[in-house]
Structures are given as C-alpha cells and as structure tokens.
Amino acid sequence: MKKHIGLYFGTFNPIHIGHLAIANHMAEFSDLDEVWLVVTPHNPHKKKSSLLPDYDRLEMAHRATQSYDKLRPSDIEFGLLQPNYTVNTLAHLEEKFPDYTFSLIMGEDNLQSLPKWKNYEVILERYHLLVYPRVYDLKKTPTLAHHEKVTYIKAPIMEISSTFIRNSIKEGKNIRPLLPASAWEYIDEMGFYS
C-alpha cells in the first residue's frame, strides 16, 4: 500500500504552536502516515520581503518537529520556480515520489479562497483536501465545502498568527508560550524579528 502523506504548506515565518497542533492532529487523527510541513520560499499571495531567509525558516521547522515521529519539514519548493504554486509543487512531488499518495491540509479560510489558486480545478480533481476549521471574517460556508474531495477534520481551532508573533517580538513582548521552545531559542539567538 502507498504511503499517505499530508502536505501542510506555509511560509512558517515563524513556525508556532498552532502549526504544530494542527499538523500533529492531522497525523494522529486521520489516515495519514506522515505530515510534511512544506516551507514555501515565496507564496504568490505574500510579500517576499517580509520573510526570513528560506533556510532559517526551514531550520526552525526542523528544530520544532524533531520530537514528533510523524512530522517532517520539507524544502521541496526551494528548487522550484518562484513564486511557488501548489499545483506545480504537487506535480513535482508525484514525479519524485511515485510510491506515495499526497493529500493537502488547509484551513477553512484557504478552502474559501481556493478558486483563486492557479489551476485549482486540477488540484481538486487529483488530490484529497483535509480541511481544519478556522475563525475568519465574514465566515460563510466555502462553496467547495461539500465537494467529494474535501473532508473536514475536527481539529482544534488555533487562532495564532505569525504576523502577531513577529510584531510582538518587534515590540519587545514576551510571546515565548506561542512558540516551540527550540524555535524561540533560534529566533532569540539570531535576533530575528526585532
């Protein structure tokens, strides 16, 4: 039987306990064998200038996940054309790992905006989407919520934002409880976001 991998894409700028809680929940309470946290160099919907260097974000993800057996950071997008489009990454992964089956992990807010993604119809046709609940403005059921390839997972609702963390560090606030200890130590050691 093919190994089933959940792909959790993000800039992880920085990775925080909300990311880990969702990734671990998906690994433990779905039929996934592993969850790969795909560190995205350049999300087409975000400014690249606001991001830490790719390898620093990857290093934080490695440190944060080292004690989780089913979580793996991935740099698969580092060698692909930027900005990174999920549909291109999926095609690359299928070619590189023909013995694996891939599903996408995304928040309900991303499911809502999925029709704006490049070739989203191809993604829906070829991959299963595991969706976790989010609280977001003007919440209404996403149009694709009842699509046959979409499965809602009753994961904890985590309303922690990397933007909030970055801004808080800049303001000198102690937000250590929101970060895995190893990621906080790296941020502190390198003087990131301050």
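Everything here concerns the structure above.
Once a new chain begins, its residue numbering starts again from 1 and follows that chain's sequence as written. Confidence filtering applies because this is a predicted model: local features only for residues at pLDDT of at least 70, side-chain atom pairs given and counted only at 80 or more, and all residues used for totals across whole chains, interfaces and linings. Calculated side-chain values reflect all of the structure's heavy atoms, with hydrogen atoms and water omitted.

1. Concerning the pairing of strand 4 (residues 100-107)
In this scheme, a residue with accessible area under 20% of its type's maximum is buried, one over 50% is exposed, and one in between is partly exposed, where area comes from a 1.4 Å probe on protein chains only. We count a stretch as a helix when DSSP gives it H or I for four or more residues in a row; a strand needs E for two or more, and each element gets its number in order from the N terminus. Within strand 4, 6 of the 8 residues are buried, leaving the element largely enclosed by the surrounding structure. A pair of strands is labelled paired if DSSP reports no fewer than 2 bridges between them. Bridging between strand 1 (residues 3-10) and strand 4 involves 6 bridges; their strand directions are parallel. Note on strand 4: the bridge partner recorded for glycine 6 is serine 103. Where strand 4 and strand 5 (residues 128-132) come together, 5 bridges link them in parallel fashion. Each bridged residue has a counterpart across the sheet, and for isoleucine 105 the counterpart in strand 5 is leucine 130.

2. Some points on the pattern of salt bridges
A carboxyl oxygen of Asp or Glu within 4 Å of a side-chain nitrogen of Lys or Arg is what we treat as a salt bridge. Counting across every chain of the model gives 7 salt bridges. Where salt bridges share partners, they join Lys3, Glu34 and Arg72 into one cluster.

3. Digging into the pairing of strand 5
Most of strand 5 is tucked away, with 4 of its 5 residues classed as buried. With 3 bridges joining them, strand 5 and strand 6 (residues 150-152) adopt parallel strand pairing. By the bridge assignment, leucine 130 is partnered in strand 6 with threonine 151.

4. Side note on the nonpolar core
Residues enter a nonpolar core if they are buried and are Ala, Val, Leu, Ile, Met, Phe, Trp, Tyr or Cys, with the set joined through side-chain atoms within 4.5 Å. The biggest cluster of nonpolar side chains holds 36 residues, and the ones touching the most others in it are Tyr8, Ile15, Met26 and Val35. Of all elements in the fold, only helix 1 (17-28), strand 2 (34-39), helix 2 (54-65), strand 5, helix 6 (162-170) and helix 7 (181-190) reach the threshold of two or more residues within this core. Per-element tally for this core: the top contributor is helix 1, with 5 residues. By definition, residues are in contact when any of their heavy atoms lie within 4.5 Å. Apart from the residues within four sequence positions on either side, isoleucine 15 is in contact with Leu20, Leu37, Met60, Ala61, Ala64, Leu179, Pro180 and Ala183. Ranked by size, the runner-up nonpolar core spans 22 residues in total, among them Phe9, Leu93, Phe102 and Trp117.

5. With respect to the packing of aromatic side chains
Classification of ring pairs uses Phe, Tyr and Trp, with its six-membered ring standing for Trp, and accepts pairs whose centres are within 6.5 Å; under 30 degrees between planes counts as stacked, over 60 as edge-to-face, and the remaining range as tilted. Across all of its chains, the model carries 11 aromatic pairs by this definition. Residues tyrosine 55 and phenylalanine 78 carry aromatic rings whose centres are separated by 4.9 Å and whose planes lie at 90° to one another, so their mutual orientation is edge-to-face. Pair noted here: tyrosine 55 is in helix 2 and phenylalanine 78 is in the loop between strand 3 (71-74) and helix 3 (86-96), with a separation of 23 residues, a long-range link. For phenylalanine 78, a relative accessible area of 15% puts it in the buried group. For the pair phenylalanine 97 and phenylalanine 102, a centre-to-centre distance of 6.5 Å together with 65° between the ring planes defines the contact as edge-to-face. Overall, the relative accessible area of 4% leaves phenylalanine 102 in the buried class. Taken together, Trp36, Phe97, Tyr100 and Phe102 form an aromatic cluster joined through their ring pairs. The aromatic ring of tyrosine 85 is capped on one face by lysine 118, whose charged end is 5.0 Å from the ring centroid. When the NZ atom of lysine or the CZ atom of arginine is within 6 Å of a ring's centre and also within 35 degrees of its normal, the charge is said to sit over that ring.

6. Overview of the sheet that holds strand 6
What holds strands together in a sheet is hydrogen bonding between their backbones, with the strands either parallel or antiparallel. The strand order across the open sheet formed by 6 strands is 3-2-1-4-5-6, and the pairing between neighbours is parallel. Since the sheet does not close on itself, it has two edges, and those belong to strand 3 and strand 6, each with one partner. With strand direction ignored, the average angle separating the axes of adjacent strands in the sheet is 30°. Under this scheme, a helix contributes an axis fitted over its contacting stretch, all axes are lines through C-alpha atoms, and angles between N-to-C directions fall in the 0 to 180 degree range. Along the sheet, helix 2 makes contact with strand 2 and strand 3, crossing strand 3 at roughly 170°.

7. Here we look at helix 2
Compared with the 16 Å implied by 1.5 Å per residue over 12 residues, the 17 Å span of helix 2 between its first and last C-alpha is a close match. Along helix 2, the residues that are buried comprise Asp54, Asp56, Arg57, Leu58, Met60, Ala61, Ala64 and Thr65. Turning to helix 2, the residues buried within the fold contact helix 1, strand 2, strand 3 and helix 7. Multiplying 1.5 Å by the residue count of a helix minus one yields the expected span of that helix.

8. A word on unusual backbone geometry
Following asparagine 13, the chain continues to proline 14 via a peptide bond in cis, the omega torsion being 5°. The backbone phi angle of phenylalanine 12 is positive, close to 50°, even though this residue is not glycine. Among the structural elements, phenylalanine 12 can be located in the loop between strand 1 and helix 1. Look at phenylalanine 12 and you get buried, because its relative accessible area is 2%. Despite not being glycine, asparagine 119 has its phi angle at roughly 50°, a positive value. The topology assignment puts asparagine 119 in the loop between helix 4 (108-113) and helix 5 (120-126). Judged by its relative accessible area of 38%, asparagine 119 is partly exposed.

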